[in-house]
Amino acid sequence: KELSKQKDPYVFIALHGGMAEDGQLQRQLESYNIRYNGSGSKASEICMDKFQTSVYTSEWDDEVLTIIPKKILMYSEIEHLNVQAISVLWKDIKKQLGAKKVIIKPTKEGCSTAVVCLTNRDDFRHYIEAIVSNDAVMRLSKDRLVTLPKNRPDCFLLEPYIELDSIQMHHAKLEHSS
């Protein structure tokens, strides 16, 4: 830090995840009055946690933002579930979120690690089993592999999966289909 301040008072943060993304590195650089790229320490800390980001943005009085329902699921709630309990939980989650498909993601993974669209209770069961087993990779189907975090997350965010409309170019014109 001292050498950086003496030689070049600007640090380009090119790291992704962990202390480079959660505000720790930014806070250290700020304490030395060293300029850097990217968000400040407080914004980085908030945005690293997907749930905290949604809480923070839901407090904005902005008509453009749409706030979707969310559910927090703690690891302690899933670590000892049997197949039947997982099925019941899956039904409850879908009902609570008003969704047929659900996105699940660790709350404190800044990147897309372990973000999965769950389409049925088997996907949900496979996800839980992989997390509980602390697997590095989870196979959802023959062609769908999902990288899981190195350190087991303690908290997950669930949200309804939002289907997007299809927009394609056809004969130099945009065509929209929903």
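Refer to the structure printed above.
Starting afresh in each chain, residues are numbered from 1 along the sequence in its written order. Residue-level local features of this predicted model are given only where pLDDT is at least 70; pairs of side-chain atoms are given and counted only at 80 or more, and the full residue set underlies all totals for whole chains, interfaces and linings. To get the side-chain values, take all heavy atoms of the structure and skip hydrogens and water.

Draft legend 1. Representation of the overall build of the protein in the model. Summing up its helical and strand segments, the protein has seven helices and 10 strands in all. It is over C-alpha atoms that the radius of gyration is taken, and the globule rule equals 2.2 Å times the number of residues to the power 0.38. The globule rule puts the C-alpha radius of gyration for 178 residues at 16 Å, and the 20 Å found for the protein is more than 25% above it. Seen along its three principal axes, the alpha-carbon backbone of the protein occupies a region of about 60 × 55 × 35 Å. Relative accessibility thresholds used throughout: buried, under 20% of the residue-type maximum; exposed, over 50%; partly exposed, between the two (1.4 Å probe, protein chains only). Across the 178 residues of the protein, 34% fall into the buried class. Contacts between residues were defined by any pair of non-hydrogen atoms, one from each residue, lying within 4.5 Å. Contacts in the protein between residues at least 24 apart in sequence constitute 54% of all its contacts with a sequence separation of at least 6. Carbon and sulfur atoms form 51% of the exposed surface of the protein, whose accessible area is close to 11800 Å². By definition, any uninterrupted DSSP run of H or I lasting at least four residues is a helix, any uninterrupted run of E lasting at least two residues is a strand, and each is numbered from the N terminus. The method behind every accessible area is Shrake-Rupley, applied with a 1.4 Å probe, and residues are considered shielded solely by the protein chains displayed.

Draft legend 2. Inspection of the environment of Y75 at higher detail. The topology assignment puts Y75 in helix α5 (residues 75–78). Along the chain, Y75 and D154 lie 79 residues apart, while their C-alpha atoms are 4.8 Å from each other. If sequence neighbours within four positions are ignored, Y75 has contacts with I131, V132, R152, P153, D154 and F156.

Draft legend 3. Broad picture of the pattern of salt bridges. Between Lys or Arg on one side and Asp or Glu on the other, a salt bridge is scored when a side-chain nitrogen of the former is within 4 Å of a carboxyl oxygen of the latter. Inspection of every chain in the model, using the stated rule, returns six salt bridges. Among the salt bridges present, the one from E159 reaches K105, with a minimum N-O distance of 2.9 Å. Taken as a pair, E159 in strand β8 (residues 155–160) and K105 in strand β4 (residues 102–106) lie far apart in primary sequence, 54 residues in all. E159 sits in the buried class, given a relative accessible area of 10%. K105 sits in the buried class, given a relative accessible area of 15%. Residues participating in the shared-partner salt-bridge network are K70, K105 and E159.

Draft legend 4. How the structure looks around the pairing of strand β10 (residues 173–177). With zero of five residues buried, β10 is to be regarded as a mostly surface element. Two strands qualify as a pair provided DSSP detects at least 2 bridges between them. In this sheet, β10 lies alongside strand β9 (residues 166–170) in antiparallel orientation, the contact comprising five bridges. Within β10, the position partnered with I167 by the bridge is H176. The hairpin turn running from β9 into β10, its antiparallel successor, is two residues long, and H171 in that turn takes a positive phi close to 55 degrees.

Draft legend 5. The arrangement of a nonpolar patch on the surface in detail. Only residues whose relative accessible area exceeds 30% and that take part in no salt bridge are eligible for patches, with like-charged residues grouped when within 9 Å of each other and nonpolar side chains (Val, Leu, Ile, Met, Phe, Trp, Tyr) grouped when within 5 Å. A contiguous nonpolar surface patch, about 410 Å² in accessible area, is contributed by Y56, W60, L65 and I67. Take W60: it is sitting in the loop between α4 (50–58) and β3 (71–74). Here W60 falls in the partly exposed class, since its relative accessible area comes to 46%.

Draft legend 6. Broad picture of the nonpolar core. Core analysis: the biggest nonpolar cluster contains 25 residues, and I104, V116, F124, Y127, M138 and F156 have the highest contact counts within it. Those elements that provide at least two residues to this core are α5, α6 (83–97), β4, β5 (116–118), α7 (121–132) and β8. The criterion is simple. A nonpolar core is a set of buried Ala, Val, Leu, Ile, Met, Phe, Trp, Tyr and Cys residues joined through side-chain atoms within 4.5 Å. By size, the runner-up hydrophobic cluster in this structure holds seven residues, among which are A20, L25, I34 and Y36.

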